[in-house]
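# Inside the fold
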2 protein chains.
Amino acid sequence: MQPTFFYMCTYIIITSHIILFVVQYATQKCIDFYYVTYYIVFVLICVTYKKGDFFMKTWVLPFNKGNAEQKELLGGKGANLAEMTRLGFPVPQGFTITTTACLDYLENQEYLNPSILTEINIAIAALEDETKKKFGNSQNPLLVSVRSGAKFSMPGMMDTILNLGLNDETVLSLAKDSGDERFAYDCYRRLLQMFGNVVFDMDHQLFEKIVADYKQTHQLVSDSDVTADGWKEVIVAFKVLFVKLKQRDFPQNVEEQLLLAVEAVFKSWNNQRAKTYRRLHGISDSLGTAVNVQEMVFGNFWDTSGTGVVFSRNPATGEAGLFGEYLMNAQGEDVVAGIRTPKSIQTLKKDLPKVYLQLKEICEKLEAHYKDMQDIEFTVEKGKLFILQTRNGKRTAKAKLVIALDLFKEGMITEQELIERIEGNDLEEALHPAFCKEDKKEKESWVSGLPASPGAAVGQIYFSADQAVEASKRGEKVILMRAETSPEDIEGMAISEAIVTCRGGMTSHAAVVARGMGICSVVGCENLSVDEKERVAYADGQVVKEGAVLSVDGTTGDVYIGELRLEKNNTQLPLKELFEMLDKQSSIAVRANAETEKDITTAMELGATGIGLSRTEHMFFEKKRLMLFRKLILAQTLEERIAILETLKEVQKEDFKRMYYVAKGHPMTIRLLDPPLHEFLPKNEEEYQETAEFVGKSAKEIKQKANALAEVNPMLGFRGVRLGVAYPEIYQMQAEAIMEAAVESYFELNNWMEVEIMIPFTTDASEFQRIRQLLEERIQEVFHKYNQPVPYMIGTMIEIPRACILADEIAQYADFFSFGTNDLTQMTYGLSRDDSPKIINQYMTHGLMKEDPFQVLDEKGVGALMKMAIEKGRKIKPELKIGICGEAAAHPDSIAFLKDYAIDYISCSPYRIPQAKLLLAKG
Amino acid sequence: MQPTFFYMCTYIIITSHIILFVVQYATQKCIDFYYVTYYIVFVLICVTYKKGDFFMKTWVLPFNKGNAEQKELLGGKGANLAEMTRLGFPVPQGFTITTTACLDYLENQEYLNPSILTEINIAIAALEDETKKKFGNSQNPLLVSVRSGAKFSMPGMMDTILNLGLNDETVLSLAKDSGDERFAYDCYRRLLQMFGNVVFDMDHQLFEKIVADYKQTHQLVSDSDVTADGWKEVIVAFKVLFVKLKQRDFPQNVEEQLLLAVEAVFKSWNNQRAKTYRRLHGISDSLGTAVNVQEMVFGNFWDTSGTGVVFSRNPATGEAGLFGEYLMNAQGEDVVAGIRTPKSIQTLKKDLPKVYLQLKEICEKLEAHYKDMQDIEFTVEKGKLFILQTRNGKRTAKAKLVIALDLFKEGMITEQELIERIEGNDLEEALHPAFCKEDKKEKESWVSGLPASPGAAVGQIYFSADQAVEASKRGEKVILMRAETSPEDIEGMAISEAIVTCRGGMTSHAAVVARGMGICSVVGCENLSVDEKERVAYADGQVVKEGAVLSVDGTTGDVYIGELRLEKNNTQLPLKELFEMLDKQSSIAVRANAETEKDITTAMELGATGIGLSRTEHMFFEKKRLMLFRKLILAQTLEERIAILETLKEVQKEDFKRMYYVAKGHPMTIRLLDPPLHEFLPKNEEEYQETAEFVGKSAKEIKQKANALAEVNPMLGFRGVRLGVAYPEIYQMQAEAIMEAAVESYFELNNWMEVEIMIPFTTDASEFQRIRQLLEERIQEVFHKYNQPVPYMIGTMIEIPRACILADEIAQYADFFSFGTNDLTQMTYGLSRDDSPKIINQYMTHGLMKEDPFQVLDEKGVGALMKMAIEKGRKIKPELKIGICGEAAAHPDSIAFLKDYAIDYISCSPYRIPQAKLLLAKG
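Predicted model, so just to flag it, every value in this text is computed and none were measured.

Bringing the interface of chain B and chain A into the picture now. Contact residues are listed per partner, giving 46 residues for chain B and 46 residues for chain A. Of the roughly 4,200 Å² buried between chain B and chain A, counting both surfaces, carbon and sulfur atoms make up 59%. Summed over the three residues of chain B that lose the most area to chain A, namely Leu 716, Arg 802 and Leu 848 of chain B, the buried surface amounts to 15% of that side. Run the count over chain B and chain A and you get 4 salt bridges. Residue Lys 860 of chain B is joined to Glu 809 of chain A by a salt bridge in which the shortest nitrogen-to-oxygen separation is 2.9 Å. Remark: the boundary between chain B and chain A carries 25 residue pairs in polar contact (both at pLDDT 80 or more). Those elements that place two or more of their residues in the side of chain B that touches chain A are helix H27 (699–709), helix H28 (721–726), helix H30 (765–786), helix H31 (801–805), helix H33 (821–829), helix H34 (836–845) and helix H35 (859–876) of chain B. Residue contributions to the side of chain B that touches chain A peak at 5 residues, all from H35 of chain B. Classifying every residue of the side of chain B that touches chain A by side-chain character gives 24 nonpolar, 11 polar and 11 charged.

What follows is the structure, encoded as structure tokens:
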């Protein structure tokens, strides 16, 4: 119906040449002027065409003229109906009133352009021809359904009106033709009901009450008990309702019915709910919605009819095979209404075996055609199957994964397509438990914070690590809630189901540890305050006492009072297959930040290709070791220290051996002691006393030492390699333990460990060189003692701006660089991660920061320093191994950066590995 | 005696040409080969000559063969004696045994090379010829003095032996020739005494005891009462002492006397005291010392003889005119010994008018020759003046300045020489009071710390700012001693004579504020601990109570218990003249960090060309304002805040007007509020209560707010422009106050203020742009209100690495950059300045850090970022004004950097300005 650009061009060219020819012939002159004019006109036409105002727009398109590509014009539903028609599936015939028409209507102050009206009439006429029925005719009347269908489906839009075309006259014809008066009046009353509700915004409960009242009066139980006469009575009551509420009759004119329905759909594009939804999901307001007008087929036509929804695969688990439900003798809305319980699609095999087989075949074909799991609406009319809609089905994260892998195996999609279909969040969601959606809808959250570590957990609340541990020993499921956590809490954290804190950001201690352990966690709940002495927590005027049951959703950041049910989750995820594919797509390895046997095992299961950051200080947090370490800090002389270090060495050595064992020969980067010493010292009177007894000093002395070691800005203090410079014996002990374990493991397992010793917090080549030398001395002693050398590397963490600037000098001595993006971001930005959430919130509110630089690498600032470091480092040592520790790097926006600079690996907490692999494969 | 290089070359050239000529003549061929050989030989000779092993070394040089340039070879004393001889001054004749001889002796296990001995004998013979005397002869014997003299004079070296050449025989001759037996034996006993002490290391008190005993026995009061016979008796006793202690006689052989004396001088080069001194002062061990042998002249030869020391100008004040003292009838050591009180040089006018005039003339000539104030030793023998030594005189810092300026005015030195002669420390010292050296020698310091702010002060000690203020009101001179100071203490600091803290480095709060105010201060006294409750301080087992008197030396970092006298100091320094000269030499301006009227006035007096950093928050530290500011922080709503800001605005406006008034139209950079808000909040219960009463809230609420605002790493927290983003009304108020004051000042003074509004802590162009816009709005309102615009600039502090990296973006919106080197160093180095002293000490001890990066700009790291920022900034905006705030930049090592990058100004605390100017002029 639309003259295409090509036709128009042809027309202009031919006509202008004719004019030219005539003029030249008449004047007997060759007039260049005309050529010029001609081209000017041509260009002008092209420009105006581009602007789209010049030619007739496409207002209406029959199903048999469109295809699946035209979603923009026809909406998702319309495009798929056209596609199915094109492919010869049994689709009731009809046409789509386009989104262009919708936009025109809305732009012209809700005035329906006459040309649209004309085209609708032409389309109806064509439909009448095809169906051999007449719209509004008392003989063999054409009935249609009217449905909205935008490019993206969204809630709040007008949905469906069935049986349109019925009125007091045509209903008689339908009764006669179908031979079932009850059926005809049932359809008619449905039309009134839907039309009233959808077009005139009349409360659907008013209609339902009329039906209910009627049934009560006549002592009927179900709608199917209502006779034709019954429906007639109901219809009269409905008509009265129209007059009463809307001061008008239900329109008997079927054209008017259709136009009112179409306009109602158009208008609904701009209702509040749809607008909000679009804003939240970033959908453009200028898309508009289409309207699909389709010949009715009746699922409520005797017992050989029915209607239902079917998925080509299970949308919850991803399992192959049809999944869905249907109702016999019903129209579409009955399935949703919940008045009758639908049957599983499998029973259709018995009810209508042929139809089932046909449906199955169609599902398979549609899936093969769309190369994805389909969500299909169907209706059976007297044993004949019609497909009313198909679309890519919504599904759980797990199902997404399973389906994508199956489709790949079935050869339907390529590896690359598979990877593109899976989102990072899907893997996150798939790996962690979640609460039932119904329960979440019902309950309001008590407090909210940052979703620091995904998952869902229910447990009893405790306000100190010790109490949490005790409760756990009693067999309770525990949730640890603290103002903020400190390394001391590590045991309590390890046994908790969830961790909740009042302060701290996505990279606070609680967040980092929880993610590392795969424990669900919500941090930085600003409204929450915890009174550890009184053992209560307050928020929003509500007080929660120790032992109370809470539900924590680490995926959304919500905390609920009471218990929410967890979703069942039995599917084994085919991670290994996935990882193989992902790894093929990326040259950047993914390692884990892990130091316990458990974490390393998890990391290996989740596809880690090594350990990128093993924080040796975490080994000192267990109580007994902590006490020993405190004794070390409190020691007055080198001799005392060396004696304690001897014990600690044996402890660490055994740890390392166990770690190597589970890491199975994968490379492992072990970071020497990093945090400021005061982090290890006790913090309250009780702990002073306890420590005092253990180390044989007075509590006062210990308090004094703790105060003396306290720092104004601990982040910029006495930590990392600075400890190594001041107490070389500690670093030497660690190197000894690492290498003795490596040699002994080699003897036991006959497998080299790729040990990478990492010196943290370097700012200068000289300090690195000094420490390296001290370590090498000890390492050579170890090799000599065992008479067996093993390979090792010594490198450094690049986490201070100065180290980036002097990377060329440092690279002269370092075997590898590992960027610590958290610390580097803190210093480059002058922003403490502990204190940042408030500030970042402010900046985001004012649009001065797009993303939290601790979550997404700040490429302009921090990234520039990293580039400098990489370039300088590789200039000196082209083979320099370079890794990045910190989740900020594992973000879609940073992937290009990682690839451009040929980073060797990134390292993140174990549960983030699959996501990181996916991102790398996608990038 | 040494064949010079020139002679040697001539010799080689001639002899080789002769050989060549002979060979060519004999063979009748022109042999190129010989040319080649000749040149090879020539080069080889040059090389070996350079190594100094080939030719005969210079062992001995007579005074009349040397000059002042040969200090390396002859030592300072020898070179100057040679120079004076060359110029015809009345110098007793003699020769110098060179440093080369000394080194040869020491290298050969203290074996005196026979060739040295030979040369000494030749030199003695020459001296005998010139003086017509004979060394060791019983007739007319030659007597000499022997003195050490290295290139740099140093304590611990052997000094002087007079009258060498006397023995039992020659003393008779001396008695006869002089006609004064007592004089001869006095000389002889002096020789024995000095020889025994200097050469044989015999305790000088043993000799003195013998003299004292003799005088007691014969009831004599003074040495001059001892007769010739008396001295003979003493000499016998001395001889006995030699035998008793050293098992040998005093050497009667005069050659032996000379050699022993020379060897003793050589050996003393390597004694412990000299070695330590050299190590501390960076003097090379391979210089060696020379020995000067000089004919004796006698200051103890009757009443027309005498000896003394004279300075050509006053070494304490720099005043012109002779300054010095002398003793009639005395030998050198009598002046020093303190047995008789020397007379002022002025009385010599009466004693020996001719000699005085001659001495005056010689002093003037020597000063003119050496172009510097001279320290001259002289002896008068029977009315005849001899000059024994001259050297550039030591002087106080003040004298250095005055003398240099006078010499310049007298045309003796150039401006450039003047500038080179003055050291940064001199200016520092000259500007501040100091303790008497005698008192400092006697007393041992109680504790020591970092010399944070120079000067010396005595006062009574107080441990809190409030108590200090009260004591000051009572009229006491106060020393404030605290664990560390905080902005709250500002009032107490302002009235103190000195500030002492236990913690913090050279850039801690106490140090920065004290330097700014020119108050003497010692910080980071590690051994000191303060108990503010008990009002006592402990260190080294000593307890000092409130009110006790202490003396604080901020120049050395020492604190003394009790009172030390201050040096008198009445000279007015000719700073203005100096500054004019200095400013001519450098294109880099020097501004001050100052915000009070007093500081700005001081800064202007000390030559500031503007204010480079005016910290507006300092205006809030005065008690009443602090309370108001606390109320602002504790306000719940924007309305409350705006009401308080209205009051604060008027206060600040008046402040600014006063500041502009004293700054007299010089440019002034005003930094908007920078520190974290919690710095302003109270810190203990008492203060909570006080604040609570003022703001009308409960102490608990205030404590909660303080806790809520507390930060883990305040340095990286909610401060600077981040406050402006969160509370734009505060920054807007400040901009309004600044500009209203500027307009009103313009009306009153008819003089533009060059106001530069500085936004601190920028990390991104967007935040700067936003704040700039907010400020501009308010500024335009001000101009509109007064109907008078005035010029202004808006720029930013560059103090975060990210700001350096993104300087090009920021420069698009900023009118100027001012580097905050303290903060930039903290972040670039990952090193908190508050926590750094301990770490830096460690690093310096291990040689891993050469200088404290907070005191000397870390050019490699921090400097690289600054370079980046300057290049990026000027690329976008070539006219971008660039300054540096922070004393680290005003260091000799950084001057080249400042010049290379065309920094417009540096800004430092007022009392550092002269030093900074000097450094810039020198660079």
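Both copies of the chain are related through a single rotation about an axis accompanied by a shift along the same axis. When chain B is fitted to chain A, the residual RMSD is 0.5 Å, and the transformation amounts to a turn of 179 degrees plus an axial shift of 0.0 Å. Taken together, the rotation and translation describe the operation of a two-fold axis. Looking at the rotation axis and the C-alpha trace of chain B, the residue lying nearest is Asn 713 of chain B, at 2.0 Å.

Residues and elements named next belong to chain B. The strand order S1-S2-S5-S3-S4 describes an open sheet built from 5 strands, whose pairing is antiparallel. Strands at the two margins of the open sheet, each flanked by one partner only, are strand S1 (60–62) and strand S4 (160–164). Across the sheet, the axes of successive neighbouring strands diverge by a mean angle of 20 degrees, strand direction being ignored. As paired strands, strand S3 (residues 144–150) and S4 are joined by 3 bridges and run antiparallel to one another. The partner of Val 144 across the bridge, within S4, is Leu 164.

On to the pairing of strand S28 (residues 881–885) of chain B, then. Residues and elements named next belong to chain B. When you tally the buried positions in S28, you get 5 out of 5 residues, the bulk of the element. Every second residue of S28 is oriented toward a common face, with Lys 881, Gly 883 and Cys 885 on one face and Ile 882 and Ile 884 on the other, all of them buried. Two elements, strand S27 (residues 816–820) and S28, share 5 bridges in a ladder whose sense is parallel. Along S28, the bridge assignment pairs Phe 819 with Ile 884.

Here we take up the domain arrangement of chain A. Examined at the domain level, chain A breaks down into domain 1 (5–51), domain 2 (58–164 + 270–279 + 290–295), domain 3 (306–426), domain 4 (431–568), domain 5 (589–674 + 712–921) and domain 6 (677–710). If you average the C-alpha positions of domain 3 of chain A and of domain 4 of chain A, the two centres end up 38 Å apart.

The next point concerns the environment of Val 522 of chain A. Locating Val 522 of chain A in the fold gives a position in strand S18 (residues 520–523). Along the sequence, Val 522 of chain A and Gly 554 of chain A sit 32 residues apart, while their C-alpha atoms lie 5.4 Å from each other.

This paragraph deals with the sheet that holds strand S1 (residues 60–62) of chain A. All names here are of chain A. What the 5 strands build is an open sheet, ordered S1-S2-S7-S5-S6; its pairing is antiparallel. Of all the strands in the sheet, the pair left with one neighbour each is S1 and strand S6 (160–164). Direction aside, the axes of adjacent strands within the sheet are offset by 20 degrees on average.

Criteria and thresholds
All chains use their own residue numbering, which begins from 1 and follows the written sequence. Lettering of chains starts at A and numbering of ligands starts at 1, both following the order in which they are written. Local features are withheld for residues below a pLDDT of 70 in this predicted model, meaning they are given only at 70 or higher, and side-chain atom pairs are given and counted only at 80 or more; totals for whole chains, interfaces and linings count all residues. Derived side-chain values reflect all non-hydrogen atoms in the structure, with water molecules and hydrogen atoms excluded from consideration. We call two residues in contact whenever any of their non-hydrogen atoms come within 4.5 Å of each other. Once two parts are joined, some of their accessible surface, as seen by a 1.4 Å probe, is lost; buried area is that loss totalled over both. Within this document, salt bridges are pairs made up of a side-chain nitrogen of Lys or Arg and a carboxyl oxygen of Asp or Glu, the two lying within 4 Å of each other. Pairing of N or O atoms within 3.5 Å defines a polar contact, subject to two protein rules: one partner must be a possible hydrogen donor and the other a possible acceptor, and residues neighboring in sequence count only if both atoms are side-chain atoms. Counting from the N terminus, the helices are the DSSP runs of H or I reaching at least four residues and the strands are the DSSP runs of E reaching at least two. Put simply, Ala, Val, Leu, Ile, Met, Phe, Trp, Tyr, Cys and Pro go in the nonpolar bin, Asp, Glu, Lys and Arg in the charged bin, and everything else, Gly too, in the polar bin. The atoms used to superpose the copies are C-alpha atoms, taken from residues with pLDDT of at least 70 in both, and the fit is least squares. Note on pairing: DSSP must find at least two bridges between two strands before they are called paired. Helix axes are fitted only over the stretch in contact, all axes being lines through C-alpha atoms; the angle between N-to-C directions runs from 0 to 180 degrees. Buried, partly exposed and exposed residues are distinguished by accessible area as a fraction of the type maximum, computed with a 1.4 Å probe on protein chains only: under 20%, between the cut-offs, and over 50%, respectively. The source of the domain bounds is an automatic or database domain assignment.

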